[in-house]
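Chain by chain, the residues run as shown.
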Amino acid sequence: MIVCSWNINSIRMRENLLLELINSLNPDVIFLQEIKCQDNEFPSLYKEKNYNLVINGEKGKYGVAILIKKKIEFEEINFESDIFKCEARICGIKIKNNLNLHLINIYAPNGNPIESKDKFSYKIKWYGELHKVIKKLINSKINLILAGDFNVLEHQDDVQDFDKWQNDALGHISSRKKFREILFSGLTNIVRLFYKPGEIYSFWDYQKASWERNYGLLIDHFLLSPKLSCLVESIFFEKEYRGKQKPSDHIPLWIKLST
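The structure displayed is predicted, hence computed values, not measured ones.

### Regarding the packing of aromatic side chains
To describe a pair of aromatic rings, you give the distance between the ring centres and the angle between the ring planes. Following the criterion strictly, the structure yields ten aromatic pairs and no others. Between Phe42 and Tyr46 the ring centres are 5.9 Å apart and the planes differ by 70°, which places this aromatic pair in the edge-to-face class. Just as Phe42 is buried, Tyr46 falls in that class too. Pairing Tyr201 with Trp204 gives two aromatic rings, centres 6.4 Å apart and planes at 90°, and the pair type is edge-to-face. Trp204 shares its class with Tyr201; the two are buried. Among the aromatic side chains, those forming a connected cluster through ring pairs are Phe79, Phe84, Trp126 and Tyr127. For the cation-ring pair, Lys69 lies above Tyr51, with the distance from its terminal atom to the ring centre recorded as 4.4 Å. Lying over the aromatic face of Tyr107, Arg89 brings its terminal NZ or CZ to 4.8 Å of the ring centre.

In structure tokens, the structure reads:
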């Protein structure tokens, strides 16, 4: 099974790049973040490529979606917390197989500017609710994949000059603690099994020639429960997508599971 995750930064602007990714990789499941469209505005390419769609859209901003191969039986996960209903940042599915596999796709709040107490406190509260959801699933021995754009610099080497980010919502100690609370629930950050901190990035800003000088951040992740972590054969970062015409500022990443 191949599971892919990508902050596409507008599905309608980058439909051609998603199609290219599907044609080259043919993932079983695709997590998309920041789709920037309402449910009824999502392009129909997923039907042509034999996928079903689970979507939590929002007009002009945020929004997440999951594409699942039609051969896979699943049901949608409902998230009851009020904070998850404020902005379209989470969706999930349960795959009906022998693993009882749950997949949750997130686009965590950015939280900046940190001087805006409303924005930063919303991020911290949002992460708190996510932690409750994850802890409950792990305690129930559910096999879980949590992936997406976490908007957190978990390790100081996930950017070249971490000292400059400690007063940013991505590098602030409060954000990092919330991320680690989720990890400590019993999840493994898969990138750490294959790369040393600082070896790989997933995001390059459009500003200040960040791509050209390789000034990147690692803020996109796959977090897996124990049994699934043992089944991961590889993780791959499709870095060339950042160099394509009209790219997202994030790149697709994917894992291969020996299920």
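### Side note on unusual backbone geometry
Backbone torsion omega between Asn112 and Pro113 reads -5°, so that peptide bond is classified as cis. Mapping Pro113 onto the fold places it in the loop between strand S7 (101–107) and helix H4 (117–139). In the Ramachandran plot, Lys141 falls in the positive-phi region, its phi being about 60° despite a non-glycine side chain. What makes Lys141 exposed here is its relative accessible area of 75%. Despite not being glycine, Ala209 shows a phi value in the positive range, around 50°.

### Structural notes on the environment of Pro109
On the secondary structure map, Pro109 appears in the loop between S7 and H4. When neighbours within four sequence positions are excluded, Pro109 is seen to be in contact with Arg89, Tyr122, Lys123, Trp126 and Asn151.

### Quick word on the pattern of salt bridges
Working definition: two side chains of opposite charge can pair if their charged atoms are close together. Per the stated rule, a full pass over the model turns up 14 salt bridges. Of the charged contacts in the structure, one is a salt bridge between Arg12 and Glu41, with a shortest N-O distance of 3.8 Å. Here Arg12 is found in the loop between strand S1 (2–7) and helix H1 (15–25), whereas its partner Glu41 is found in the loop between strand S2 (29–33) and helix H2 (45–48), with 29 residues between them in sequence. Relative accessible area serves as the criterion here: at 28%, Glu41 is assigned to the partly exposed category.

Reading the values: rules and limits
What you see as residue numbers is a count from 1 along each chain, following the sequence as written. Since the coordinates come from a predicted model, pLDDT governs what is reported: local features require at least 70, and pairs of side-chain atoms require 80 or more to be given and counted, while whole-chain, interface and lining totals use all residues. Computation of side-chain values: all heavy atoms of the structure, hydrogens and water removed. Each pair of aromatic rings taken from Phe, Tyr and Trp, with Trp reduced to its six-membered ring, is defined by centres within 6.5 Å and is described as stacked if the planes are under 30 degrees apart, edge-to-face if over 60, and tilted in the remaining cases. For every residue, the accessible area obtained with a 1.4 Å probe (protein chains only) is divided by the maximum for its type, and the residue is called buried under 20%, exposed over 50%, and partly exposed between those limits. The rule is short: NZ of Lys or CZ of Arg within 6 Å of the ring centre and within 35 degrees of the ring normal puts a charge over the ring. Each helix is a run of H or I in the DSSP string that is no shorter than four residues. Each strand is a run of E no shorter than two, and both are numbered from the N terminus. When checking whether two residues touch, look at their non-hydrogen atoms; a contact exists if any pair is within 4.5 Å. Here, a salt bridge means any Lys or Arg side-chain nitrogen found within 4 Å of an Asp or Glu carboxyl oxygen.

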